[in-house]
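A structural walkthrough
Okay, here's what each chain looks like letter by letter:
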Amino acid sequence: MKAYGTYSKLRTAALAAALVLGTGAVFTSCVDAKDPYSPNNPDQGRMGTMSVGTLDRQGDFIVVEPDGKTKADGAAVPDVETFRLAILDYKAGSVVHNNLTGEDYKWETFAEVSGQLVTIPSGKYKLEAASLPTEPLADWETPYYYGVQDFTVRISELTKVDLVCKLANVKVTVDYDQDFLDKVENPSVQVYFDYTDPATAKKVTADLNYAVGETRAGYFKVPDDGKLYVKVTGTRIEDGKPLGDGEGQTKIISNVAAMQWHKVKVSYQQTGSLSSSVTVDYSTIDSEHMVEIPDGDGIIDGGPNNDNWENEGGDEPGGDEFGIVGANYNGNTFDISQQLTVSVADNNKIDVRFDAPKGIDQLYVTIESDALAALLPGLGLANKVPFDIANPPAVSEKPGDVDESMWWVNMFASQEIGILDPDVPIKGKKSHTFSVGGLMELLGGVADPAANGPAVHKFGLKMGDASGAVKEATLSIYLTE
């Protein structure tokens, strides 16, 4: 049986319980690890052994059907035997070099190291695996799987590492409506995102151009700002003028995340008004997009209306979509539908953002954690039972057997936690962000993964807005030492 620490200081345990409310490129330049046989190395002879127990791939691109149901896209998946592997320095993130053999701890395929024992100096490392040598910025038919797992090698012990690689990029397909093709000649759609070139520090573009009849799927690295741009160009048949006075017309898709399949359809909008602009049909996970070009009394407008269409709803800080977003995990956005692997040894920063253009009305949290189950009653909470932080109970509703200072309403408003602010209620806000990364160490103190092993802690999130709409998500933390 796992023995979770109960702590004589219930306040510390309460802080751990409060965490419920809250991946850039790896440079593989090799750095030397200490030579374990060097006479100048105090750790001379302090070696251990590791092996890769299992390597698996997980995840499918998700598409939303017209009836609202989701399904996997059914695309072929790569063979994990072909995945590349490397052992990385835990802090620097660079590939570890073996001074004894003169080679790096990396392998072009999993098949090379599968079942093998690897001798390496004791210490803490990361095991990295990927389906391709490098992550493509934008390319055709290239789903990219990636995974990284922390592990510790101890002296004269065998460490077995299991690693799961997940889909890390975004899939985009484009379809042209026949009515649009009848009114525009030489049409083309450019899908792109902006990024900073690490070699020049200049902003550049990664893109793919979808011609009429293009059936291949494009795959894009998840943009740092979560934005993909869809630019439509062509010439109006009726008057021979180019769309957007030759600049084309651009639409922004926001909150882009890994494992999404964005299906873009370019069509013609019968409006009879020059002031009409593009409409975009967002589904549950922003996967289907109807791009409609306004006609303007029989003419597809390419002049003044372009200003109405371009940049529509793309730059607001909180986002104009009703949803729960993985806003930040150690410097990168993350897919909240995917489990996060978090080490208590790291200084983690995890932000979850709740966006409700019509205003947050309810915000329920449900804690599901074996480690916290025995501690929650002391806060006036219970394992697997939801509570509404947008509508906290009045002081008169505090359970009689719960200490006032430990009651969750007061605890979450404490300086240490800062989840609730009595002067700024959550109810009615259009966007609200929880920062929970700093509480991972406290959760680790209760769960104690070093003694009890890694474990999953789930925090169900359910947001309702003023119109009665509901959005749900689960922040799932796989906590390691």
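Residues numbered from 1 in each chain as written. Predicted model: local features only at pLDDT ≥ 70, side-chain atom pairs only at ≥ 80, totals over all residues. Heavy atoms only, no water.

Taken together, 4 strands build an open sheet; the order of strands is β23-β22-β25-β28 and the sheet is antiparallel. Edge positions in the sheet fall to β23 (332-334) and β28 (431-435), since each of these pairs with one other strand and no more. This sheet shows a mean twist of 25° between the axes of neighbouring strands, independent of strand direction. (Pairing = 2+ DSSP bridges. Helix = DSSP H or I, 4+ residues; strand = E, 2+ residues; numbered from the N terminus. Axes fitted to C-alpha atoms, helices over the stretch in contact; angles between N-to-C directions.)

Across the two faces of strand β17 (residues 218-221) the burial is the same, with G218 and F220 and Y219 and K221 all buried. Across 4 bridges, the pairing between strand β14 (residues 169-176) and β17 is antiparallel. Directly across from V172, in β17, lies its bridge partner G218. (Buried < 20%, exposed > 50% of the residue type's maximum accessible area, 1.4 Å probe, protein only.)

Under the criterion given, the structure shown has 8 salt bridges. A salt bridge links E128 to R84; the shortest N-O distance between them is 3.2 Å. Taken together, the residues E128 in strand β10 (residues 123-130) and R84 in strand β5 (residues 84-89) connect sequence positions 44 residues apart. Given the relative accessible area of 2%, E128 is considered buried. Residue R84 is classed as buried on the basis of its relative accessible area, which comes to 17%. Among the salt bridges present, the one from D361 reaches K427, with a minimum N-O distance of 2.5 Å. (Salt bridge = Lys/Arg side-chain N within 4 Å of Asp/Glu carboxyl O.)

This next bit is on the side chain of T142. By the element assignment, T142 lies in the loop between β11 (138-140) and β12 (145-153). According to the relative accessible area criterion, T142 is buried, its value standing at 15%. When sequence neighbours within four positions are dropped, the list of residues in contact with T142 reads L132, P136, N169 and Y219. (Contact = heavy atoms within 4.5 Å.)

Below, the discussion takes up the packing of aromatic side chains. A full pass over the atoms with the stated rule returns 10 aromatic pairs. For the pair W140 and Y210, a centre-to-centre distance of 4.9 Å together with 75° between the ring planes defines the contact as edge-to-face. Remark: Y210 occurs in strand β16 (residues 203-211) and W140 occurs in strand β11; sequence separation between them is 70 residues. Residue W140 is classed as buried on the basis of its relative accessible area of 17%. (Phe/Tyr/Trp six-rings, centres within 6.5 Å; stacked < 30°, edge-to-face > 60°.)

On the secondary structure map, G248 appears in the loop between β18 (228-236) and β19 (249-253). A relative accessible area of 1% places G248 in the buried class. Note: C-alpha distance between G248 and G234 (14 residues apart in sequence) is 7.3 Å.

Of all hydrophobic cores here, the largest spans 46 residues; its most connected members are F354, L363, I389, W408 and L475. Of all elements in the fold, only β22 (323-329), β24 (340-343), β25 (350-355), β26 (360-368), α4 (408-411), α5 (440-447), β29 (455-465) and β30 (470-480) reach the threshold of two or more residues within this core. (Core = buried A, V, L, I, M, F, W, Y, C linked by side-chain atoms within 4.5 Å.)

Here the protein chain averages 75 in pLDDT, while 72% of its residues score no lower than 70. The lowest-confidence element of the protein chain is strand β1 (residues 31-32), averaging 28 in pLDDT; the highest-confidence one is β11, averaging 96. The low-confidence segment residues 62-72 (pLDDT under 50) makes 25 contacts with residues lying over four places distant or belonging to another chain. (pLDDT = per-residue confidence, 0-100.)

Two strands pair when backbone bridges link them, and strand β15 (residues 184-196) and β16 are joined in this way by 9 bridges, in the antiparallel orientation. Along β16, the bridge assignment pairs V191 with L208. Between β15 and the antiparallel strand that follows it, β16, lie 6 residues; A201 among them carries a positive phi value of about 60°.

Further remarks concern the sheet that holds β30. Strand order in the open sheet formed by 5 strands is β24-β30-β29-β26-β27, with mixed pairing between adjacent strands. In this open sheet, the two strands that pair with only one neighbour each are β24 and β27 (387-388). Across 2 bridges, β26 lies against β27 in antiparallel orientation. Paired with Y364 across the two strands is D388, which belongs to β27.

Take unusual backbone geometry next. The phi angle at S156 is positive, at roughly 60°, despite the residue not being glycine. Relative to the assigned elements, S156 resides in the loop between β12 and β13 (158-167). Residue S156 is classed as exposed on the basis of its relative accessible area of 69%. Although it is not a glycine, M259 adopts a positive phi angle of roughly 75°. Tracing the sequence through the fold places M259 in the loop between β19 and β20 (261-269).

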